[in-house]
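So the chains spell out like this:
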Amino acid sequence: MSWSSYCDNLVASGAVDKAAVCGLDDGSVWSQTAGFNLNPAEVKAVAAGFRNPDPIRAAGITLGGTKYFCLSAEDGAIQGKKGNAGVSIAKSVKCLIIGTYKDGQQPGNCRKQVEGIRDYLSNSGF
């Protein structure tokens, strides 16, 4: 399966508005859905938040030019919110899986989809 297929599957679930798969080490964007517009600097900042969450807890999470309030930063997952929308980010062995949700979509469903892809990729060595 191509990286774009993982993004497409997240959006097709109905629980995710925009999705991306990015490199954990260098912040490179392996695939993203149309209109997400992530840049490597944003992804690197999020990846750093998995090592030391204090900066993203204090300053928030910026992805695709949108700034989210950091709700939680755990060992393998980061959650953010902006109004009725938000973001779920999960870390696998080699990449980050990012999914956003919009008003009308449930945060828990977005998180479940994102973490499901993370679990699959981790079990596959990614």
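Just above sits the structure.
How each quantity is defined
Residues numbered from 1 in each chain as written. Predicted model: local features only at pLDDT ≥ 70, side-chain atom pairs only at ≥ 80, totals over all residues. Heavy atoms only, no water. Buried < 20%, exposed > 50% of the residue type's maximum accessible area, 1.4 Å probe, protein only. Helix = DSSP H or I, 4+ residues; strand = E, 2+ residues; numbered from the N terminus. Pairing = 2+ DSSP bridges.

### Here's the deal with the pairing of strand β6 (residues 85–91)
Then step 1. In terms of residue burial, β6 counts as a mostly covered element, since five of its seven residues are buried.
Then step 2. Direction of pairing for strand β5 (residues 77–82) relative to β6: antiparallel, over a ladder of six bridges. In the strand pairing of β6, isoleucine 78 is matched with isoleucine 89.
Then step 3. A loop of two residues connects β5 with β6, the two strands running antiparallel in sequence, and glycine 83 in this loop sits at a positive phi of about 60°.
Then step 4. Where β6 meets strand β7 (residues 95–101), six bridges bridge the pair, whose relative direction is antiparallel. Among the inter-strand pairings, glycine 86 is bridged to a residue of β7, identified as tyrosine 101.
Then step 5. Hairpin connection of β6 to β7: three residues between the antiparallel strands.

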